[in-house]
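# Results of the structural survey
Spelled out from the first residue to the last, the chains are:
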Amino acid sequence: MRMETENREQRRISRRSFLVLTGGIISAISLGSLPNTRFAHASASEFPESECRVRSEADKKFLVAYASKYGSTAGVADVIGKELCSRGAPVDVLLIKNIGDLSSYRGVVVGSAIYKRKWLPEAVDFVKMNREVLRRVPVAYFLVCMTMCEPTEENRRKVLAYLDPLLKEVPQVKPVGIGTFAGALHYRNLSWLEKMLMKFIGAPEGDFRDWNAIRAWANDLQEVHGLANGLRPTIVNV
Ligand SMILES: Cc1cc2nc3c(=O)[nH]c(=O)nc-3n(C[C@H](O)[C@H](O)[C@H](O)COP(=O)(O)O)c2cc1C
């Protein structure tokens, strides 16, 4: 009888320890306090880069610079690049970590996946480090995240706020538009910790990228905001 009570007590303690442990891990990830958390990154082939050359009067190109962990933002950047190119603008689509000198560009689109309510650090650093060049050419930002799987006005406001710290920190770079797109999430790609976190918050699994919305945004960048003309356009909050 005494042994049975002890066993029951032990089981209760180990269940409690498990909950404390998982709770701690989840908070640690969401607060970003596990700097060495290993992410199962996508392979390099999922981060396409391209160069689109068109017969154009312009001697300068456009750049679509992107940061991505698992590749879904790479796909978005690629489609934005193709759309700009199909309208007659020469375009480079490049992973941010492979970008050097910006002087050959007359307009730049910068985008990143969202992790823990932020752009990836390399995207933030890219804007900060190149602020002097970026303030002189038309620039647009975009972000890719799961909140936009439900593209309501409220969610758009919520995700636009993810960029507030950057807009405040680098006020001299004024984007002519900010695209907010749904991304993709495949649990099989994630590390155990990420998977647990995503399941815990009930994040849906699948590819939710809306290619028509992405193309329409890229198209508006040229037609509404004059990105392709290389003019300093009027600031419009898209
Ligand atoms: C650990 C983790 C944290 C995430 N944090 C957010 C978040 O704060 N807000 C959001 O809307 N989506 C979040 N997401 C979803 C990603 O933004 C989405 O899956 C995106 O498409 C990933 O882009 P990538 O494939 O280019 O890396 C998160 C995903 C993971 C795995």
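The notes below deal with the structure included here.

Calculation notes
Residues numbered from 1 in each chain as written. Predicted model: local features only at pLDDT ≥ 70, side-chain atom pairs only at ≥ 80, totals over all residues. Heavy atoms only, no water. Near = heavy atom within 4 Å. Polar contact = N/O pair within 3.5 Å; in protein donor to acceptor, adjacent residues only side chain to side chain. Areas by Shrake-Rupley, 256 points an atom, 1.4 Å probe, with all protein chains shown as cover. Helix = DSSP H or I, 4+ residues; strand = E, 2+ residues; numbered from the N terminus. Core = buried A, V, L, I, M, F, W, Y, C linked by side-chain atoms within 4.5 Å. Buried < 20%, exposed > 50% of the residue type's maximum accessible area, 1.4 Å probe, protein only. Contact = heavy atoms within 4.5 Å. Salt bridge = Lys/Arg side-chain N within 4 Å of Asp/Glu carboxyl O. Arc of directions from axis to C-beta.

## Description of the site of the ligand
Around the ligand sit 22 residues in total, of which Ser68, Ser72, Ile114, Tyr115 and Thr147 are the nearest. One nitrogen or oxygen atom from the main chain of alanine 184 is found 2.7 Å from an oxygen atom belonging to the ligand. Protein coverage of the free-state accessible area of the ligand, which is 640 Å², stands at 94%. If you tally residues by element for the shell around the ligand, the top one is strand β4 (residues 105-115), at three residues.

## Re the nonpolar core
Most often, soluble globular proteins keep nonpolar side chains buried together rather than apart. In this structure, Leu63, Val108, Trp119, Phe126, Val127 and Tyr141 are the most contacted members of the largest nonpolar core, which totals 33 residues. Where this core is concerned, the elements lending two or more residues are β2 (61-67), β4, α3 (121-129), β6 (139-145) and β7 (178-182). Top contributing element to this core by residue count: β4, with five residues. Setting aside residues up to four positions removed in sequence, phenylalanine 126 forms contacts with Leu63, Ala65, Ile96, Ile99, Leu102, Val108, Val110 and Leu134.

## As for the pattern of salt bridges
With the rule as written, the count across this model stands at seven salt bridges. In this structure, aspartate 92 engages lysine 61 in a salt bridge whose closest nitrogen and oxygen atoms are separated by 2.9 Å. With aspartate 92 in strand β3 (residues 91-95) and lysine 61 in strand β2, the pair connects residues that are 31 residues apart, well separated along the chain. Note on aspartate 92: relative accessible area 5%, which makes it buried. Taking the relative accessible area as the measure of exposure, lysine 61 reaches 18% and is therefore buried. Residues arginine 209 and aspartate 207 are paired through a salt bridge, measuring 2.6 Å at the closest nitrogen-oxygen approach. Since its relative accessible area comes to 19%, arginine 209 is described here as buried. In the salt-bridge network here, residues are joined through shared partners; they are Glu132, Arg135 and Arg136.

## Re unusual backbone geometry
One non-glycine residue, lysine 116, adopts positive backbone phi at about 50°. With respect to the helices and strands, the residue lysine 116 is situated in the loop between β4 and β5 (118-119). Residue classification places lysine 116 among the partly exposed residues on the basis of a relative accessible area of 42%. In this model, arginine 117 sits at a positive phi of 65°, which is unusual for a non-glycine residue. Within the secondary structure, arginine 117 sits in the loop between β4 and β5.

## Let's talk about α3
Taken together, the buried positions of α3 are occupied by Ala123, Val124, Phe126 and Val127. Projected down its long axis, α3 shows its buried positions confined to an angular sector of 155°, all on one face. Opposite the packed face of α3, turned more than 90 degrees from it, sit the exposed residues Pro121 and Met129. Where α3 is buried, its residues contact β2, β4, β5, α4 (131-134), β6 and α6 (164-169).

All we've got here are geometric facts, nothing functional implied.
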